[in-house]
Amino acid sequence: MAIELYQWQGFWYPLYLPEAALLAQSNFKACNDDILLASSMKTGTTWLIALMPTIMNYNNTHGDDDGPLIKNHPNELIPSLLQIFSEQNASEKYNISSARSLGSFVPICHMQSYRTVSRKQEEGPFPIDEAFEEYCNGVHPFGPFHDHVVEYWEESLKWPENILFLKYKEMNRDPKGQVKKLASFLGRPFEKDEDVEKIVWRCSLERLKNLEVNKSRLEPWVRIPKSSYFRLGVVGDWKNSLSLEMKQRLDEITNMKLKGSELELDASKV
């Protein structure tokens, strides 16, 4: 099995995405009321994808058996830009008049170089040591991670009315407070705490992983089990995969990358 990555303006893309990225860059026309979710994989993306349509379509007269998540996996509700432009008739799909919620893992940029990491299927997944080394060097799908984070953080300081910067640890620690912040940003503020509590429950890991729609079949675009999107949802699970030395090295890289940005990720407290 081979993992083929293309580097575009410093960021690494899987083999199947550069063409879609170029189409998006050339043809996508943003509307004033578009909502774009930009996040890295395994940073609470599915949680946010569930929260956004639930907030936007919330009706306090509906029960838990109603709502967009009952019949749809979150990814089916908010397609990514690259997903849209990898499909046929993309120009028709993105040019709709109503407010659109779209996802993106990375900026859309130009190809610079190419890299292939080969491994036979019978050898199984890459050893954690090798994968960690590649990650530290910024060579991973949609990486380097820290470069994205700093760029979005700096833009959020310039345009706070247009860019909301959320941290997974804060969402995990104070879901009600963060949902209120997200709802206000989306123009759907809540007046009653009970409404916020309903949103938090309907988009909780416990509920999502037990919905029938997420228990079987494959997610239609990347073709992996829908259930794989709902894992542990805890802070600090790195201890089950990484050594203390690995964590310390990653903390050093994080501190170096964030230096001068005034952004704090509290990595040492995780």
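Reading guide: rules and limits
- Residues numbered from 1 in each chain as written.
- Predicted model: local features only at pLDDT ≥ 70, side-chain atom pairs only at ≥ 80, totals over all residues.
- Heavy atoms only, no water.
- Helix = DSSP H or I, 4+ residues; strand = E, 2+ residues; numbered from the N terminus.
- Buried < 20%, exposed > 50% of the residue type's maximum accessible area, 1.4 Å probe, protein only.
- Areas by Shrake-Rupley, 256 points an atom, 1.4 Å probe, with all protein chains shown as cover.
- Core = buried A, V, L, I, M, F, W, Y, C linked by side-chain atoms within 4.5 Å.
- Contact = heavy atoms within 4.5 Å.
- Arc of directions from axis to C-beta.
- Phe/Tyr/Trp six-rings, centres within 6.5 Å; stacked < 30°, edge-to-face > 60°.
- Salt bridge = Lys/Arg side-chain N within 4 Å of Asp/Glu carboxyl O.

Novice: Mind showing me how you'd approach the overall build of the protein chain here?
Specialist: If you tally the helices and strands in the protein chain, you get 12 helices and five strands. The 270 residues of the protein chain split such that 37% are buried. Accessible area for the protein chain stands at about 16,000 Å²; split by element, carbon and sulfur atoms hold 50% of it.

Novice: I would appreciate a short explanation of the nonpolar core in the present structure.
Specialist: Soluble globular proteins: nonpolar side chains tend toward being buried together. Ranked by internal contacts, the top residues of the largest apolar core, which has 26 residues, are L51, I55, V179, F190 and I199. Secondary structure elements with two or more residues in this core: β3 (35-38), α2 (45-56), α9 (175-185) and α10 (193-202). Those residues in contact with F190 that lie beyond four places of it in its chain are I55, Y58, A183, D195, V196 and I199. With 13 residues, the next largest nonpolar core counts W8, A20, A21 and F85 among its residues.

Novice: What is the right way to look at α9 in this model?
Specialist: The α-helix winds at 3.6 residues per turn, so residues separated by three or four positions along the chain end up facing the same way. Within α9, burial applies to Q178, V179, L182 and A183. An end-on view of α9 places all buried positions within 140° of arc, on one side of the element. On its buried face, α9 is in contact with α2, α8 (168-173) and α10. The first or second residue beyond α9 is G187, which carries a positive phi of 80°.

Novice: I tried to follow the packing of aromatic side chains on my own but got confused; where do I start?
Specialist: Two measures describe an aromatic ring pair: the distance that separates the ring centres and the angle between the ring planes. According to the stated counting rule, one finds three aromatic pairs in the structure shown. Note on W47 and Y168: the rings are 5.9 Å apart at their centroids and 75° apart in plane angle, and the pair reads as edge-to-face. Linking W47 in helix α2 with Y168 in helix α8, this pair joins segments that are 121 residues apart in sequence. Accessibility expressed as a relative area gives 24% for Y168, which makes it partly exposed. Consider the rings of Y58 and F190, whose centres lie 5.4 Å apart with planes at 85°: the pair is edge-to-face.

Novice: Just to check I follow, could you spell out the pattern of salt bridges for this structure?
Specialist: Should their charged atoms come close, side chains of opposite charge can pair. Within the structure shown, the criterion is met by eight salt bridges. For E76, the salt bridge is made with K226, and the minimal N-O distance between the two is 3.6 Å. One end of the pair, E76, is in helix α3 (residues 74-77); the other, K226, is in the loop between α11 (205-210) and α12 (244-258), with 150 residues separating them in the sequence. Under the relative-accessibility criterion, E76 is labelled partly exposed at 35%. For the salt bridge of E155 with K158, the shortest nitrogen-to-oxygen distance reads 3.3 Å. Here the residue E155 and the residue K158 both occupy positions in helix α7 (residues 145-158), the gap between them amounting to three residues, near one helical turn. When its relative accessible area of 31% is taken as the criterion, E155 is described as partly exposed. Residue class for K158 comes out exposed when judged on its relative accessible area of 56%.

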